[in-house]
Amino acid sequence: MKHITVLASGWGSNLEAILEAEERGDIAGKVVLVISDRSDAQALKRAEKRKIKNLFLDPKKYARREDYDRALVDLIKAAGTDLVVLAGFMRLLSPLFVCAFPMKIMNIHPSLLPAFPGNNGVEQAFAYGVKVTGCTVHFVDEALDNGPVILQEAVPVIQRETIKTMHQRIHAAEHRLYPIAIDLFCREKLKVEGRRCYVIE
Ligand code: GRF
């Protein structure tokens, strides 16, 4: 049974979807720790409700990003973590952090990468007027929204819809996709070769 640490800054609907999938037995792993860089993150409350260890690690207490990331690495390792899951974690992670968990950090991004990377992917896609958008689960490397793609789900854009409804449907796709990718990792079904991530039959 793999141990998972989730990092989240905000609402935590992806965390919720992961925890619900775990409860249904759809993930061959368990979330052992949730860490946030914001004290008011709803994600912490969601973990607390289920009696999952959760903590707020205050960035203001660390002079440099590397110091913060080193503290994060120590906490994550102490929890016996096999997989780090970023679920709306709004901090850029330093190479120090990424190198501590090679191909063991996953992120979900609300567009079909490599289109529209960065922290306003939904807005960028909407403004561009694309007909298809979606979400991407990928491994994290040192560059932003760049690591090998694990899974993607396409979301068609409906004519004249608002960014709100488009965003809602992307979120719903994320909630389906992230637990599947995490389960594949936990069952050791993912194999990375260069940029390519294969799902082993
Ligand atoms: C998601 O849209 C994800 O793609 C992005 O951050 C958002 C987090 O949403 N990385 P939530 O906090 O899980 O609701």
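In what follows, the structure referred to is the one given above.
Residues numbered from 1 in each chain as written. Predicted model: local features only at pLDDT ≥ 70, side-chain atom pairs only at ≥ 80, totals over all residues. Heavy atoms only, no water.

### Considerations on the sheet that holds strand β4 (residues 83–86)
Turning to step 1, where the next piece is worked out: Strand order in this open sheet of seven strands is β3-β2-β1-β4-β5-β6-β7, and the pairing throughout is mixed. Looking along the sheet, the strands with just one partner apiece sit at the ends: β3 (54–56) and β7 (149–156). Averaged over all adjacent pairs, the angle separating strand axes in this sheet is 20 degrees, with direction ignored.
Turning to step 2, where the next piece is worked out: Sheet topology note: the strand β5 (residues 105–109)/strand β6 (residues 132–139) ladder contains four bridges and is antiparallel. In the sheet register, M106 faces β6, and the bridge partner there is F139.
Turning to step 3, where the next piece is worked out: The strands that helix α3 (residues 65–78) touches are β1 (2–7), β2 (29–36), β3 and β4; relative to β2, the one it contacts most, it runs at about 155 degrees. (Pairing = 2+ DSSP bridges. Helix = DSSP H or I, 4+ residues; strand = E, 2+ residues; numbered from the N terminus. Axes fitted to C-alpha atoms, helices over the stretch in contact; angles between N-to-C directions. Contact = heavy atoms within 4.5 Å.)

### What to know about the site of the ligand
Turning to step 1, where the next piece is worked out: Surveying the vicinity of the ligand reveals the residues W11, G12, S13, N14, G88, I108, H109, P110, H171 and E174.
Turning to step 2, where the next piece is worked out: Here an oxygen atom of the ligand and a side-chain polar atom of S13 are 2.5 Å apart.
Turning to step 3, where the next piece is worked out: One of the side-chain N or O atoms of H171 is found 3.2 Å from an oxygen atom in the ligand.
Turning to step 4, where the next piece is worked out: For the ligand, whose accessible area on its own is 370 Å², the fraction buried by protein is 84%.
Turning to step 5, where the next piece is worked out: In this structure the site holding the ligand corresponds to the largest pocket. (Near = heavy atom within 4 Å. Polar contact = N/O pair within 3.5 Å; in protein donor to acceptor, adjacent residues only side chain to side chain. Areas by Shrake-Rupley, 256 points an atom, 1.4 Å probe, with all protein chains shown as cover. 1 Å grid on protein atoms, 1.4 Å probe; cavity = no way out; pocket = protein on both sides within 12 Å on 5 of 7 lines; lining within 4 Å. Sits in = over half its atoms within 2 Å of the grid points.)

### Concerning helix α5 (residues 121–128)
Turning to step 1, where the next piece is worked out: Those residues of α5 not exposed but buried are G121, V122 and A125. The buried side chains of α5 occupy one side of the element, clustering within an arc of 100 degrees when seen end-on.
Turning to step 2, where the next piece is worked out: On the buried face of α5, the contacting elements are β5, β6 and α6 (163–186). (Buried < 20%, exposed > 50% of the residue type's maximum accessible area, 1.4 Å probe, protein only. Arc of directions from axis to C-beta.)

### Remarks on the environment of P110
Turning to step 1, where the next piece is worked out: Structurally, the position occupied by P110 is in the loop between β5 and α5.
Turning to step 2, where the next piece is worked out: Sequence-distant contacts of P110, defined by excluding residues within four places in its chain, comprise G121, V122, T133, G134, C135, I170 and E174.

### Describing the layout of surface pockets
Turning to step 1, where the next piece is worked out: Here the largest pocket is characterised by a volume of approximately 900 Å³.
Turning to step 2, where the next piece is worked out: Elements represented by at least two residues in the lining of the largest pocket include exactly α1 (13–23), α4 (95–100), β5, α5 and α6.
Turning to step 3, where the next piece is worked out: Per-element tally for the lining of the largest pocket: the top contributor is α6, with four residues.
Turning to step 4, where the next piece is worked out: Residues that form the lining of the largest pocket fall into these classes: 16 nonpolar, 16 polar and seven charged.
Turning to step 5, where the next piece is worked out: Taken as a whole, the second largest pocket encloses approximately 150 Å³ of empty space.
Turning to step 6, where the next piece is worked out: In terms of lining, the second largest pocket is formed by K2, D82, M103, K104, F139, F185, E188, K189, L190 and V192.
Turning to step 7, where the next piece is worked out: For the lining of the second largest pocket, the class distribution of residues is five nonpolar, no polar and five charged. (Points joined across faces, edges and corners; volume = space filled by probe spheres on them. Nonpolar A, V, L, I, M, F, W, Y, C, P; charged D, E, K, R; others polar.)

### Topic: the packing of α5 against α6
Geometrically, a packed helix pair is captured by the angle between its two axes and the distance between the axes.
Turning to step 1, where the next piece is worked out: In contact at an axis separation of 11 Å, α5 and α6 are set at 125 degrees when each is read in the N-to-C sense. Taken together, the axis directions place α5 and α6 in an arrangement best described as oblique. Note on packing geometry: the crossing formed by α5 with α6 is right-handed. On the side of α5, the interface is formed by V122, E123, A125 and F126, while α6 contributes I163, M166, H167 and I170.
Turning to step 2, where the next piece is worked out: Grouping the amino acids of the contact of α5 with α6 by side-chain chemistry returns six nonpolar, one polar and one charged. (Parallel < 35°, antiparallel > 145°, perpendicular 65-115°, else oblique. Left-handed = near helix turned anticlockwise from the far one by under 90°.)

### Describing the pairing of strand β8 (residues 190–193)
Turning to step 1, where the next piece is worked out: Sheet topology note: the β8/strand β9 (residues 196–199) ladder contains four bridges and is antiparallel. Bridge pairing links K191 to Y198 in β9.
Turning to step 2, where the next piece is worked out: The hairpin turn running from β8 into β9, its antiparallel successor, is two residues long, and G194 in that turn takes a positive phi close to 60 degrees.

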